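Single-letter residue listing:
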Amino acid sequence: MPNSEIELAALVGSRICHDLISPIGAVNNGLELLSMAGAGSSSEMTLIGESVDSASARIRFFRVAFGAAENQVLGASETNGILHDYHYNTRWNVIWSPTDPQQRTDIRMCFLALLCMETGMPYGGTITVKTSGGKWTLTGQADKLSIDPELWSVLATGQPAIKLRPAQVQFGLLPVIARDAGKQITSQILENKITLSF
């Protein structure tokens, strides 16, 4: 049975993302109008435009990761678009292997797992996402990892032994959502490789 408190929090996340995307879109439209009027070539305008694009990409990603999943599917092109925009000009490169539409619930877990892996790969790296027979596997390769064993143990138990910070909320949320979906999170951490499966 779905965790009602988690679903309520997800609805809050969806509401926040929904309400923020409109004003950010309005700012972007304003920048385009200024550009057409000849005022969009300065470095300041470029910086504002890049910031608006980054904010919009983050909201789209967070809406999937933290919002309500419902019974929807996302196509590979839309998923790749969200990942490309979110990771544009960052230290991480994500390779999304599935070519078929996928359940939004599964993509939600993948996005939360990506956030976990980015925490363990703070200096960047490449993360590959694959699925086969209903099982998802994310593999991260990096020159250097930064792993907090207590934090990563939360994925297996779903019971934080430490107080999670806001930047670590994905570690507490992912195992709860996985459990509600009848899945178990497993992880393997080697010298320069992280594997998460569910």
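**Things to note about unusual backbone geometry**
Excluding glycine, residues mostly carry a negative phi; peptide bonds, for their part, are mostly trans.
Part 1 of the reasoning: The backbone of Asn89 shows a phi angle near 60°, a positive value even though the residue is not glycine.
Part 2 of the reasoning: Secondary-structure assignment places Asn89 in the loop between helix H3 (76–87) and strand E2 (92–96).

**As for the pairing of strand E6 (residues 186–189)**
Part 1 of the reasoning: Bridge analysis of E6 against strand E7 (residues 193–197) gives four bridges, and the strand direction is antiparallel. Each residue of the ladder has a partner; that of Ile189, found in E7, is Ile194.
Part 2 of the reasoning: Between E6 and the antiparallel strand that follows it, E7, lie three residues.

**Observations regarding the packing of helix H2 (residues 43–66) against H3**
Two packed helices can be described by the angle between their axes and the distance between those axes.
Part 1 of the reasoning: Viewed as axis vectors pointing N to C, H2 and H3 meet at an angle of 130°, and their least axial separation amounts to 8 Å. It follows that H2 is oblique to H3 by the angle criterion. In this structure, H2 meets H3 at a crossing whose hand is left-handed. For the pair formed by H2 and H3, the contact residues are Ala57, Arg58, Arg60, Phe61, Phe62 and Val64 on the first element and Glu78, Gly81, Ile82, Leu83, Asp85 and Tyr86 on the second.
Part 2 of the reasoning: Considered class by class, the residues forming the contact of H2 with H3 number seven nonpolar, one polar and four charged.

**Section: the sheet that holds E7**
Part 1 of the reasoning: With mixed pairing, the five strands of this open sheet are ordered in space as E2-E4-E5-E7-E6. Here the strands that pair on one side only, and so sit at the sheet edges, are E2 and E6. Within this sheet the neighbouring strands show an average axis-to-axis angle of 15°, counted without direction.
Part 2 of the reasoning: For strand E5 (residues 135–141) and E7, the ladder comprises five bridges, and the chain directions are antiparallel.

**Here we look at the layout of surface pockets**
Part 1 of the reasoning: Taken as a whole, the largest pocket encloses approximately 820 Å³ of empty space.
Part 2 of the reasoning: For the largest pocket, the lining is made up of 31 residues, of which Arg58, Tyr86, Thr90, Trp92 and Glu118 are closest to its centre.
Part 3 of the reasoning: Those elements that place two or more of their residues in the lining of the largest pocket are H2, H3, helix H4 (104–120), helix H5 (149–157) and helix H6 (169–180).
Part 4 of the reasoning: Sort the elements by how many residues they give to the lining of the largest pocket and H2 lands first, with nine residues.
Part 5 of the reasoning: Among the residues forming the lining of the largest pocket, the class breakdown is 14 nonpolar, eight polar and nine charged.

Calculation criteria
Residues numbered from 1 in each chain as written. Predicted model: local features only at pLDDT ≥ 70, side-chain atom pairs only at ≥ 80, totals over all residues. Heavy atoms only, no water. Helix = DSSP H or I, 4+ residues; strand = E, 2+ residues; numbered from the N terminus. Pairing = 2+ DSSP bridges. Axes fitted to C-alpha atoms, helices over the stretch in contact; angles between N-to-C directions. Parallel < 35°, antiparallel > 145°, perpendicular 65-115°, else oblique. Left-handed = near helix turned anticlockwise from the far one by under 90°. Contact = heavy atoms within 4.5 Å. Nonpolar A, V, L, I, M, F, W, Y, C, P; charged D, E, K, R; others polar. 1 Å grid on protein atoms, 1.4 Å probe; cavity = no way out; pocket = protein on both sides within 12 Å on 5 of 7 lines; lining within 4 Å. Points joined across faces, edges and corners; volume = space filled by probe spheres on them.

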